[in-house]
Every structure is written in structure tokens, then in C-alpha cells.
Amino acid sequence: MMLFRSQLFFCLSGLAFCHTALAQSSAVVKIDGSSTAFPIAEALAEEFQKLNKNVRVTVGISGTGGGFKKFCRGDTEVSNASRPILKSEMDACKNAGIHFYELPIAYDALTVVVNPKNPIKELSIEQLRKLWSPSAQGVVTQWQQVDAKLPAQAFKLYGPGADSGTFDYFTEAVNGKAKASRGDFSASEDDNVLVQGVSRDVNALGYFGYAYYVENKTKLKAVAIVNKKGQAVLPSEQSVVDGSYSPLSRPVFVYVSEKAYQSRPEVRAYVDFMLKNVGRLAKEVRSIPLPPKAYELITANLKKGKLGSVFNGTPETGLTIEELLAREAK
């Protein structure tokens, strides 16, 4: 399976609903948003292709924020997100008359990476703040300024662009405010660019979604993150499930237009297929699936028409899977 292409177009074949519901060549499901969620969306599209026809599905990577801009203009029916929708984005959707379903589909261990030859093994949130805070720009430039035990060598930083939900989440978790970051780093919405940058420079450090790290483990080294209990924990499915990889573990979402889901059979077919298969496919592409009970709960919420966000537009970090499910159950 080819993963992580910057843009994906699939012509799908064989829909299981009445053909009269669709024009032969006009049924389209438009998806955009998070690069973290993209591997899952790609896998879903490939599986869906085997069973459905007369539908074209487009999957883009504009970043979570870029995806919401399109979604709240009505340009897409489905929006992938690596953070919850924000109040300003909810207002934009409301002003456009767009109501939505919020569907958690997986979890991610936002992963800090260095070159395999780099001596760094672990970092605390405080040390990450020394690296990434706005006040560090042009001031903190060498490893030794972060930890006296590290060499007096200049580092280079790589991270997602400003439209990325990963950028929002990381800066919220590390610096206490979304988008609060030093600006002198190499930014890209394409995580493959970040992978290549870190893999080629022994003094580079970057961050992105767990699946991109796992796909490139031979070229990268994950850094253990010190949690509130003082434990240095590496990202893994187990450390996300047990809650020890904190605060950089986070839910991954799909947002679906209510109008599109209720009125367009191709959108309903895709979303229903997604909820039935996303747990299995998330694991296949190295993402972290939710427990089976979670997908049952989320599907039930969709069927009863539960609209809006359980986060109410407020950014949060460090939420465990169990805490997320407790909210979904209300």
C-alpha cells in the first residue's frame, strides 16, 4: 500500500444502494484536512473502492485548519482533524448554515523525533518549551542551552505549518497556547518533508503524527517524553491506551456535514463504511484504533443525530481515551 501521498483521488466502484439515487458520473465525496488522518482516509478509500462504483472520492491534505476552512464554506462534506474544532470554526460553520457530526475515529501519539545518531533519548515538556517557545527564537540555538549534558552544537527544527492541527496541539501542550511558537523553524504541511529533513541532519529535531514515525523508523529515532509522574515514555499503542504517553497523545476526528449525510446516499455510504472498518484499517496503517465499544458508541450517537462538539470549541490536551468516551456517552 502506498501511503502518505500529498493528494489522493479515487474512482470508486460498486455502491450497494439504489443506482437511481446517483447520477452515473456526478456522485462525489469530498474530503480534506489533517495529514495525520490521511493514512487512515487513504486506507478507507482503497477498501471502499473494492465494493462501490459510480462515486468519486477526493482526499486532500490542507491541514486541520485548512480543512475546516473548506468544510465551513461548504466546499467539502467530510473534514479530517487532528484536534477538535475551535470556537471560531464552529462560528464559521454556523454562519454558513452548516451543522455537523463530530466522530472520533482513532488516537495519535504525537511523536518528537531526532536523527538516529543524535544522543537525545528523552525530553521533558519544560525542555521542549525551551526549544519551541516564542521567546526562544534567535536566543536558544544550541542543544547545550536545553540541557547542559548535551553538546554545544547548533540544532535545526522541523514542524508542521500554521494550518496544521498537529501544530495547534503541540503548541498548546508545550507552550500553553495554540500557535504560540518560535518562527525560525522549517515548516511544511507535508509530513514527508519533515521526515526527510530530520533524517538527513544529525542535529535536527521535529514532530508529527505517530504513523509517519512508524513508517520511517529506520531513518528516525523517537524521543521519550517525560509525563507528569516523571516517567520518560516512548510513543506506542500501549502507552496511549494506558494513558502514560501524556500530554502528546490525542484523538483524531472526522467531521461530517449533517445535510450531506442525510441527503446524499454516497456520503452516507462512505461514513457508515468508515465507522464499520476504521478500527481495523487504522491499525493496518500504524495509527492507534479506539476500542470496539468506542465505535459502537460513536455509531449510536450518529444514528440518533447527535450534533456539535463535546469540546465546545475549547482546545484541550492530555485527554485519555477513557475520558474522551465518557464525554461521548453524555
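Scroll up to find the structure this text is about.
Residues numbered from 1 in each chain as written. Predicted model: local features only at pLDDT ≥ 70, side-chain atom pairs only at ≥ 80, totals over all residues. Heavy atoms only, no water.

### A closer look at the sheet that holds strand S9 (residues 186-187)
Point 1. Pairing is mixed across the open sheet formed by 5 strands, whose spatial order is S9-S8-S10-S6-S11. In the strand order of this sheet, the two ends are held by S9 and strand S11 (221-222), each with one partner.
Point 2. The sheet strands contacting helix H4 (residues 125-132) are strand S6 (111-114), strand S8 (156-159) and strand S10 (204-208), and the helix crosses S8 at an angle near 100°. (Pairing = 2+ DSSP bridges. Helix = DSSP H or I, 4+ residues; strand = E, 2+ residues; numbered from the N terminus. Contact = heavy atoms within 4.5 Å. Axes fitted to C-alpha atoms, helices over the stretch in contact; angles between N-to-C directions.)

### Describing H4
Point 1. Every buried residue of H4 is listed here: Ile125, Gln127, Leu128, Leu131 and Trp132. Seen end-on, H4 carries its buried residues on one side only, within an arc spanning 160°.
Point 2. Packed against the buried residues of H4 are S6, strand S7 (122-124), S8, helix H5 (165-175), S10 and strand S12 (224-226). (Buried < 20%, exposed > 50% of the residue type's maximum accessible area, 1.4 Å probe, protein only. Arc of directions from axis to C-beta.)

### Here's the deal with the nonpolar core
A general feature of soluble globular proteins is that nonpolar side chains tend to end up buried together.
Point 1. With 103 residues, the main nonpolar core has Leu128 and Leu131 as its most contacted residues.
Point 2. At 10 residues, helix H10 (residues 265-284) tops the list of elements feeding residues into this core.
Point 3. Contacts of leucine 131, omitting those with residues within four sequence positions, involve Leu123, Ala136, Trp143, Val146, Phe155, Leu157, Arg182 and Leu205. (Core = buried A, V, L, I, M, F, W, Y, C linked by side-chain atoms within 4.5 Å.)

### Examining the packing of H4 against H5
Point 1. At a closest axis distance of 9 Å, the pairing of H4 and H5 adopts a crossing angle of 115°. The way H4 lies across H5 gives a crossing that is left-handed. Of H5, the residues touching H4 (which contributes Ile125, Leu128, Arg129 and Trp132) are Phe170, Ala173, Val174 and Asn175.
Point 2. Residue composition of the contact of H4 with H5, by class: 6 nonpolar, 1 polar and 1 charged. (Left-handed = near helix turned anticlockwise from the far one by under 90°. Nonpolar A, V, L, I, M, F, W, Y, C, P; charged D, E, K, R; others polar.)

### Points about helix H1 (residues 38-51)
Point 1. Helix length check: H1 (14 residues) gives 20 Å between terminal C-alpha atoms against 20 Å at 1.5 Å per residue, within 8%.
Point 2. In terms of residue burial, H1 counts as a mostly covered element, since 10 of its 14 residues are buried.
Point 3. Within H1, the full set of buried residues consists of Phe38, Pro39, Ile40, Ala41, Glu42, Ala43, Leu44, Ala45, Glu46 and Phe48. (Expected span 1.5 Å × (residues − 1).)

### Remarks on the sheet that holds S7
Point 1. The 3 strands lie next to each other as S7-S12-S13, forming an open sheet whose pairing is mixed. Looking along the sheet, the strands with just one partner apiece sit at the ends: S7 and strand S13 (232-233).
Point 2. Bridge count for S7 against S12 is 3 bridges, and the pairing is parallel. Among the inter-strand pairings, leucine 123 is bridged to a residue of S12, identified as isoleucine 225.
Point 3. Across the sheet, H4 lies against S7 and S12, angled at about 85° from S7, the strand it touches most.

### Let's talk about unusual backbone geometry
Point 1. Cis peptide bonds are those with omega within 30 degrees of zero, and the linkage from serine 246 to proline 247 qualifies with 10°.
Point 2. Within the element layout of this structure, proline 247 appears in the loop between helix H8 (237-241) and strand S14 (249-257).
Point 3. Positive phi values are uncommon outside glycine, yet lysine 179 reaches one of about 75°.
Point 4. At asparagine 312, a residue that is not glycine, the phi angle is positive and equals roughly 55°.
Point 5. With respect to the helices, strands and loops of the structure, asparagine 312 is situated in the loop between helix H11 (292-303) and helix H12 (321-328).
Point 6. Taking relative accessible area as the criterion, asparagine 312 reaches 56% and is therefore assigned exposed.

### Thoughts on the environment of lysine 293
Point 1. One can find lysine 293 in helix H11.
Point 2. With 32 residues separating them along the chain, lysine 293 and leucine 325 place their C-alpha atoms 9.1 Å apart.
Point 3. Once residues within four sequence positions are removed from consideration, lysine 293 is found in contact with Glu322 and Leu325.

### Focus: empty space enclosed by the protein
Point 1. For the coordinates displayed, the defined rule picks out 5 cavities of 30 Å³ or more.
Point 2. Each pocket or cavity is described by its volume, and for the largest cavity that value is around 80 Å³.
Point 3. Residue lining of the largest cavity: Arg83, Pro84, Leu86, Asp168, Tyr169, Glu172, Ala178, Pro315 and Glu316, and that is the complete set.
Point 4. For the lining of the largest cavity, the class distribution of residues is 5 nonpolar, no polar and 4 charged. (1 Å grid on protein atoms, 1.4 Å probe; cavity = no way out; pocket = protein on both sides within 12 Å on 5 of 7 lines; lining within 4 Å. Points joined across faces, edges and corners; volume = space filled by probe spheres on them.)

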